[in-house]
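Structure assessment
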Amino acid sequence: MAVEDFPSVPLFSGDRTVVAAPLTITPETLVVEAIAQMDEAHASYAIVVDQQRPVGYFTERELIRLIASKQPIAGTSIISMMTPEISLLTETEAADVAYILQQLQQSASRLAVVDSEGTLLGVITVESIVRALNAAKIQQTFADLQQQIEQLLAENQALLESRDRELAARTAELPQGIDEDIAERLSFDRLKDEFISVVSHELRTPLTAIHGGIQLLLQHHASRQSEQGQALLQVVAQSSQRLVRLVNDILDIEYLAADRNTLSLQPLHTQDLTRQVKETFRLIANAKNIELVVQDPGLEIGGNRDRLSQVLTNLIDNAVKFSPANSTIHLAVERCNTAVDATTAAASPGSGAAAVRFAVCDQGRGIPAGQRSKIFERFSQVDASSTRQEGGNGLGLAICRSIVEQHGGRIWVESTVDEGSCFYFTIPAG
Amino acid sequence: MVRQVLVIDDEPSILVITKISLEATIHWKVLTTTSVLEALALADSEPLDAILLDVVMPELDGIAILHKLRSNPHTKDIPVIFLTARARSCERQALERLGVAGVITKPFEPNEIAGQIKTLLHWSA
């Protein structure tokens, strides 16, 4: 290990390089006395100092040599026995590890450290320097470790701060996520609100006519026999009918929507339904001279007779409303193998469960593409004013959809503007 | 004073009731129409003291018609009163904020509507 591996060693700190001499004796000290003091101090050597200045040292080795020489030592003072040369280091030199090691190699492993006056400060021995260096090394290692730890802490801190920033950013996003959820719920509430608004509007309009008309008649602002009176009565009567239909339809649609009210399904023959529809048709369509053509081979389905009649009647009613005079409405019933969730309207043979498809086709003005799914929603009308004039309220198709879906079927429309529309619905075969 | 008012509504039954209510109770002259185009033409050409305007209409709603009336120098100063079945307070407030003379909700009392109009427009007669 090179000296460079050891840092400069502080003179007196930690495990000291410079240690106190274990024993100091004067040159006049008798040898026997010196041996006795060394015994007592458990010292393996003593520094001989003269007026606080180191002048030599006396070691166990010297003692052994002395004993081996059989030289008489009684009355002999130490000055003749001591090793007279002792390497001296100044305080500054004592901080130079390389110099210390060099000196230790050259000397007898003891170095006396003196101040500027030459006064003994202490000694550096091999043991002390090794110990000090080891301590220094440990300290350095510790210092290195400390530096590494601090570096790690700093890196960790940076990492934590980075994560904090990331967390803060994600926390900032969270309220938005929550906001979106709230927005979705508010949107749903808005839909409900909108429904209530629309229902309120649809109820208030005929009520205005009924209430106003009756009041005007009762308060004699118009007499029943006058033209105005007759007009009022007509308005009251039509509005009453409209209100009744509306209330019935709203209750119906709510009833159908309630999960607890499942339709009771029985085996039905399609011709029972279509025969009933033909009868109803005869009563409503004659003013426009519209013809109804029915093609029904007679198939078995599982269904609710009243509700399916309601669907067919609704579709036929719509077809009549929007059909020009002297046109034809077609009602066709056919088997299909379309699965209920088919994305295409055309039947794809061989796929899915067996079903029966009903089609009501008219030669009316058609439905624009953007409206073809919307018309099955509540209060949605392709042309509100004409629908209202015909007595519609925008709930009929929503009711049809509800009924068909409760049967496990599907309803949709295909249409060409200015040519006509076909309303289809499927019912699982019985 | 014989006022002339125009009632715009897509519901023929409402036009009948409103017309008879105003003519029978206060003898105002009442023009009625379900058509937006006819309404704007009448407003432009006829001397009108007020317009009663429905809000929910399929062709163009009452708010859009109001803007059209205001953008025409011949019609912008005709006082407009919304006559609407949208009767919830939040809806009323929203309509009132459009700066119309007032909002009358349906159903209305046929023998009171003239008085309501007079109050809103500060007419003594």
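Coordinates for the structure precede this section.
Just so we're clear, the structure is a prediction, and the values are computed from it rather than from any experiment. (Residues numbered from 1 in each chain as written. Chains lettered and ligands numbered in written order. Predicted model: local features only at pLDDT ≥ 70, side-chain atom pairs only at ≥ 80, totals over all residues. Heavy atoms only, no water.)

This next bit is on the pairing of strand β13 (residues 420–428) of chain A. Residues and elements named next belong to chain A. In terms of burial, β13 is largely enclosed, as eight of its nine residues are buried. Here strand β11 (residues 355–361) runs beside β13; their pairing, made up of seven bridges, is antiparallel. Bridge assignment links Phe358 to a residue of β13, and that residue is Phe425. Pairing between strand β12 (residues 411–416) and β13: six bridges, direction antiparallel. Bridge pairing links Trp412 to Tyr424 in β13. A loop of three residues connects β12 with β13, the two strands running antiparallel in sequence, and Asp418 in this loop sits at a positive phi of about 75°. (Buried < 20%, exposed > 50% of the residue type's maximum accessible area, 1.4 Å probe, protein only. Helix = DSSP H or I, 4+ residues; strand = E, 2+ residues; numbered from the N terminus. Pairing = 2+ DSSP bridges.)

This next bit is on the interface of chain B and chain A. Many analyses report the size of an interface as the accessible area lost when the parts associate. Between chain B and chain A, the contact holds 24 residues from the first and 26 residues from the second. When the two sides are added together, the surface that chain B and chain A hide from each other amounts to roughly 2300 Å², 62% of it contributed by carbon and sulfur. Ranking the residues of chain B by area buried against chain A places Ile17, Ile20 and Arg88 of chain B at the top, with a combined share of 23%. Between chain B and chain A we count one salt bridge in total. Inspection of the region where chain B meets chain A yields four residue pairs in polar contact (both at pLDDT 80 or more). The leading source of residues in the side of chain B that touches chain A is helix α1 (residues 12–26) of chain B, at nine residues. Here the side of chain B that touches chain A is composed, by residue class, of twelve nonpolar, four polar and eight charged. (Contact = heavy atoms within 4.5 Å. Buried area = accessible area lost by both parts, 1.4 Å probe. Salt bridge = Lys/Arg side-chain N within 4 Å of Asp/Glu carboxyl O. Polar contact = N/O pair within 3.5 Å; in protein donor to acceptor, adjacent residues only side chain to side chain. Nonpolar A, V, L, I, M, F, W, Y, C, P; charged D, E, K, R; others polar.)

We now examine the packing of aromatic side chains. Overall, the coordinates contain four aromatic pairs over all chains when judged by the stated rule. Summarising the aromatic geometry, the rings of Phe358 of chain A and Phe425 of chain A are spaced 4.7 Å apart at their centres and angled 5° between planes, so their arrangement reads as stacked. Residue Phe358 of chain A is found in strand β11, and its partner Phe425 of chain A is found in strand β13; the two are separated by 67 residues along the sequence. This pair shows no difference in class: Phe358 of chain A is buried, exactly as Phe425 of chain A is. Plain terms: the ring middles of Trp28 of chain B and Trp123 of chain B are 5.4 Å apart, the flat faces sit at 80° to each other, and that makes the pair edge-to-face. You can see Trp28 of chain B sitting in the loop between α1 and β2 (29–33) and its partner Trp123 of chain B sitting in the segment after α5 (113–120), a full 95 residues away along the chain. Note on accessibility: Trp28 of chain B and Trp123 of chain B belong to one class, buried. Looking at Arg410 of chain A, its charged tip hangs above the ring of Trp412 of chain A, at a distance of 4.3 Å from the centre. Above the plane of the ring of Trp123 of chain B lies Arg3 of chain B, whose end atom (NZ or CZ) is 3.9 Å from the centre. (Phe/Tyr/Trp six-rings, centres within 6.5 Å; stacked < 30°, edge-to-face > 60°. Lys NZ or Arg CZ within 6 Å of the ring centre and 35° of its normal.)

Tracing the backbone shows His407 of chain A in the loop between α9 (396–406) and β12. Judged by relative accessible area, which is 5%, His407 of chain A ranks as buried.

Residues and elements named next belong to chain A. With respect to the element layout, Arg335 can be found in strand β10 (residues 328–336). Taking relative accessible area as the criterion, Arg335 reaches 58% and is therefore assigned exposed. Sequence spacing of Arg335 and Phe358 is 23 residues, and the spatial spacing of their C-alpha atoms is 8.9 Å. Sequence-distant contacts of Arg335, defined by excluding residues within four places in its chain, comprise Leu299 and Ala355.

Turning next to the pairing of strand β4 (residues 80–84) of chain B. Residue and element names in this part refer to chain B. When you tally the buried positions in β4, you get five out of five residues, the bulk of the element. Neither face of β4 is open: one carries Val80, Phe82 and Thr84, the other Ile81 and Leu83, and all of them are buried. In this sheet, β4 lies alongside strand β3 (residues 50–53) in parallel orientation, the contact comprising three bridges. Residue pairing for β4: Ile51 is matched across the bridge by Val80. Handedness of the crossover is the feature at issue here: the chain leaves β3, passes through helix α3 (residues 62–71), returns alongside β4, and the resulting connection is right-handed. Pairing geometry for β4 and strand β5 (residues 102–105), over four bridges, is parallel. (Right-handed = clockwise from strand over helix to strand, strands pointing away.)

Among the nonpolar cores identified, the biggest contains 44 residues, and Ile329, Phe358 and Phe425 of chain A are the most heavily contacted of them. The greatest single-element share of this core, amounting to seven residues, is contributed by helix α7 (residues 305–322) of chain A. Look past the residues within four positions of Phe425 of chain A in its chain and what remains in contact with it is Leu308, Val311, Leu312, Leu315, Val356, Arg357, Phe358, Val404, Arg410 and Ile411 of chain A. Listed in part, the 26 residues of the second largest apolar core include Ala209 of chain A together with Val30, Leu83 and Ile113 of chain B. (Core = buried A, V, L, I, M, F, W, Y, C linked by side-chain atoms within 4.5 Å.)

Treat this as a map of the structure, not an account of what it does.
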